[in-house]
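Remarks on the overall topology
Below are the chains, spelled out letter by letter.
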Amino acid sequence: MLISCTKLVSRFVQKIRPFNRRQFFSNKMQEQALERAEGSLAFPFLDEASVEAYRESRTIFIIRGLPGSGKSTLACTIAGKYEAVCKVISADQKIRPEVSPALPEEYKALDEEVVHCCKEGVAVVVIDDTNHQWERLEKLFDIASEYQYLVHLVEPKTPWKNDCAELEKKSQWKLPQSELNNLRGSLEEAVYPLFYGWFLTHKSQSHTMEKGKKFLKTLGELDEFKEHWDDFGEAASETGINLEEYFERKGILHCTTKYSDYGKVKGAQEYAELEAVKKFYSSAFCLQISGFFITPRTAGARVQLTDKQLELWPAGSEKEAMPSEELPHGSRAHITLGCAKDVEPKQTGLDLLEFVKLEKEGQQGLAEKDIDQGKLRYFGKGMWMLELYEKVTVKTVFGGFYPKHKEGKEKSKEKEEAVEENKEGEEKAVEENKEGEEKKDSKTSQQEVKPTEGKKKGKCTII
């Protein structure tokens, strides 16, 4: 009787939830993978506090690492955490990892998958591959930029990730240690972004743009603003100026912390090594917008940073922009909403500091008006600042922006070639100098002339 009841219950459960054998074993494999990698999955984007932000974002996780280092386990873990909004694109079983100047043709099919996911608006795209070739990264960066996806470069944290002897046993490709060492060399090169910053989630971007457009529309309809149309020069006609058309939006909305120029800017590499940067990379943050502002050059949102967020703010950022001023740390924090024609987004931060400077001097503006959103002030020369009655909270993710930059790599290659040429020049100069000294010594000996002291040797500068 007991057996019969058990069978009935089993059949009933199967009817209401059909058994999926493949899914069952897939889940078990994921659980086992998590157990094996315990202690090696300490990534901010796997924390519950960050999951909601990533579900509202558009992110591509580019997993890099040697074969057998735990990339697939990490990819599987991300997929489990972001079930239903995640797509894993893997090169496993398809493309053999090796050091080669040319990319395999098979990557075209993978890239088509990535593009398809971006077009569909998949929130989390995971690319599981060694990703050791710069040309490969550039292609992925290019796709991400085109579809306005944030990119995170992620490496496994397993204890054996760089142990070629151990990896030789774990890798499905059974690569010898010599090949693994060659791959490791290309992966050890640091990849720096164009800039670091907080990137707004897809949902927060829409919300912020709506708030910004409302500000521009309200401002443009005010009589007080119409009296100063001429601040915008030729852009203002007799009938006025359409501020929403005047300012052009560029890229993902973000608040830049440090401009890096791929690690070439002074202090960029040191910034990347800051404990706070390494700790909070890929973490979710809530930023507060305290106001909106425009000038004839830019439109932006003023950001008020917390003490925790200021840990990621570079020391001397304001001083660098305005050397003669002593402005509050973090007062340059902003989100660029749009720029006038031929104006670079970096100008927005400089414009904001002009407001900060005037406020520090005690200026309250030439005109003041209360509107629905807050207190509006006019500082002259087309400078308008709206102080919000209620701050706007936006969800963001801290990371780096990695657009394609062939020019930078070409310059780097030219520099390497210049170094090689200088090395050859140095060796040649040394040889010529040596031959010259031998001839001179021989001639001196024949003439029985006392050698001079402090002979100058040939020099060659290596750049």
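The structure displayed is predicted, hence computed values, not measured ones. (Residues numbered from 1 in each chain as written. Predicted model: local features only at pLDDT ≥ 70, side-chain atom pairs only at ≥ 80, totals over all residues. Heavy atoms only, no water.)

Some remarks on the overall build of the protein
Looking only at helices and strands, the protein features 17 helices and 12 strands. Evaluated residue by residue, the protein yields a buried proportion of 43% over its 463 residues. In the protein, once contacts between residues fewer than 6 apart in sequence are set aside, the share between residues at least 24 apart is 75%. Accessible surface, the protein: about 26,700 Å² in total, of which carbon and sulfur atoms supply 48%. (Helix = DSSP H or I, 4+ residues; strand = E, 2+ residues; numbered from the N terminus. Buried < 20%, exposed > 50% of the residue type's maximum accessible area, 1.4 Å probe, protein only. Contact = heavy atoms within 4.5 Å. Areas by Shrake-Rupley, 256 points an atom, 1.4 Å probe, with all protein chains shown as cover.)

Some remarks on the environment of G251
Mapping G251 onto the fold places it in the loop between helix 11 (243–246) and strand 6 (254–259). Taking C-alpha positions, G251 is 9.1 Å from E146, a pair spaced 105 residues apart along the chain. With near-sequence residues (within four places) excluded, G251 lies in contact with Q148 and Q205.

Some details on the packing of aromatic side chains
The final tally for this structure, using the stated rule, is 20 aromatic pairs. An aromatic cluster of at least three residues, connected via ring pairs, comprises F225, F232, Y246, F247, Y378 and W384. Against the face of F43 rests K157, its NZ or CZ located 4.5 Å from the ring centre. For the cation-ring pair, K170 lies above W160, with the distance from its terminal atom to the ring centre recorded as 4.4 Å. (Phe/Tyr/Trp six-rings, centres within 6.5 Å; stacked < 30°, edge-to-face > 60°. Lys NZ or Arg CZ within 6 Å of the ring centre and 35° of its normal.)

Section: the layout of surface pockets
Quantified by volume, the largest pocket comes out at close to 1,000 Å³. Taken together, 36 residues make up the lining of the largest pocket; nearest its centre are F195, H254, T256, Y259 and K346. At the level of secondary structure, the elements contributing two or more residues to the lining of the largest pocket comprise helix 6 (134–146), strand 5 (195–200), strand 6, helix 15 (317–321) and strand 9 (334–339). A per-class count over the lining of the largest pocket returns 17 nonpolar, 11 polar and eight charged. (1 Å grid on protein atoms, 1.4 Å probe; cavity = no way out; pocket = protein on both sides within 12 Å on 5 of 7 lines; lining within 4 Å. Points joined across faces, edges and corners; volume = space filled by probe spheres on them. Nonpolar A, V, L, I, M, F, W, Y, C, P; charged D, E, K, R; others polar.)

Quick notes on the packing of helix 5 (residues 107–120) against helix 6
Running from N to C, helix 5 and helix 6 cross one another at 20°; their axes reach a closest spacing of 10 Å. The angle between helix 5 and helix 6 places the two elements in the roughly parallel class. Of the two possible hands of crossing, helix 5 and helix 6 adopt the one that is right-handed. For the pair helix 5 and helix 6, the contacting residues are Y107, L110, D111, V114, V115 and C118 in the first and R136, K139, L140 and I143 in the second. Residues belonging to the contact of helix 5 with helix 6 are distributed by class as follows: seven nonpolar, no polar and three charged. (Axes fitted to C-alpha atoms, helices over the stretch in contact; angles between N-to-C directions. Parallel < 35°, antiparallel > 145°, perpendicular 65-115°, else oblique. Left-handed = near helix turned anticlockwise from the far one by under 90°.)

Notes on helix 6
Here helix 6 is 13 residues long and its end C-alpha atoms lie 18 Å apart, about the 18 Å a rise of 1.5 Å per residue gives. If you check which residues of helix 6 are buried, you get W134, R136, L137, E138, L140, F141, I143 and A144. Phi turns positive one or two residues past the end of helix 6, at Q148, with a value near 55°. (Expected span 1.5 Å × (residues − 1).)

Remarks on the environment of L253
Relative to the helices and strands, L253 resides in the loop between helix 11 and strand 6. Classification of L253 by relative accessible area gives buried; the value is 1%.

Looking at the pattern of salt bridges
A side chain of one charge can pair with a side chain of the opposite charge if their charged atoms are brought near each other. Here the structure, examined in full by the defined rule, presents 17 salt bridges. A salt bridge links E105 to K108, with the shortest nitrogen-to-oxygen separation between them at 3.1 Å. Neither residue differs from the other here; E105 and K108 are each classed as exposed. Salt-bridge contacts for E326 lead to K319; the nearest nitrogen and oxygen are separated by 2.7 Å. The class of K319 is partly exposed, set by a relative accessible area of 35%. In this structure, a network of salt bridges that share partners links the residues E368, D370, K375, R377 and E387. (Salt bridge = Lys/Arg side-chain N within 4 Å of Asp/Glu carboxyl O.)

Here we look at the confidence of the model for the protein
Overall, the predicted model of the protein reaches an average pLDDT of 82, with 78% of residues at or above 70. With pLDDT under 50 throughout, residues 408–434 is counted as low confidence; its partners more than four residues away or in other chains account for 17 contacts. (pLDDT = per-residue confidence, 0-100.)

Observations regarding the environment of E227
Structurally, E227 can be placed in the loop between helix 10 (223–226) and helix 11. C-alpha separation for the pair E227 and G240, spaced 13 residues apart in sequence, amounts to 9.7 Å.

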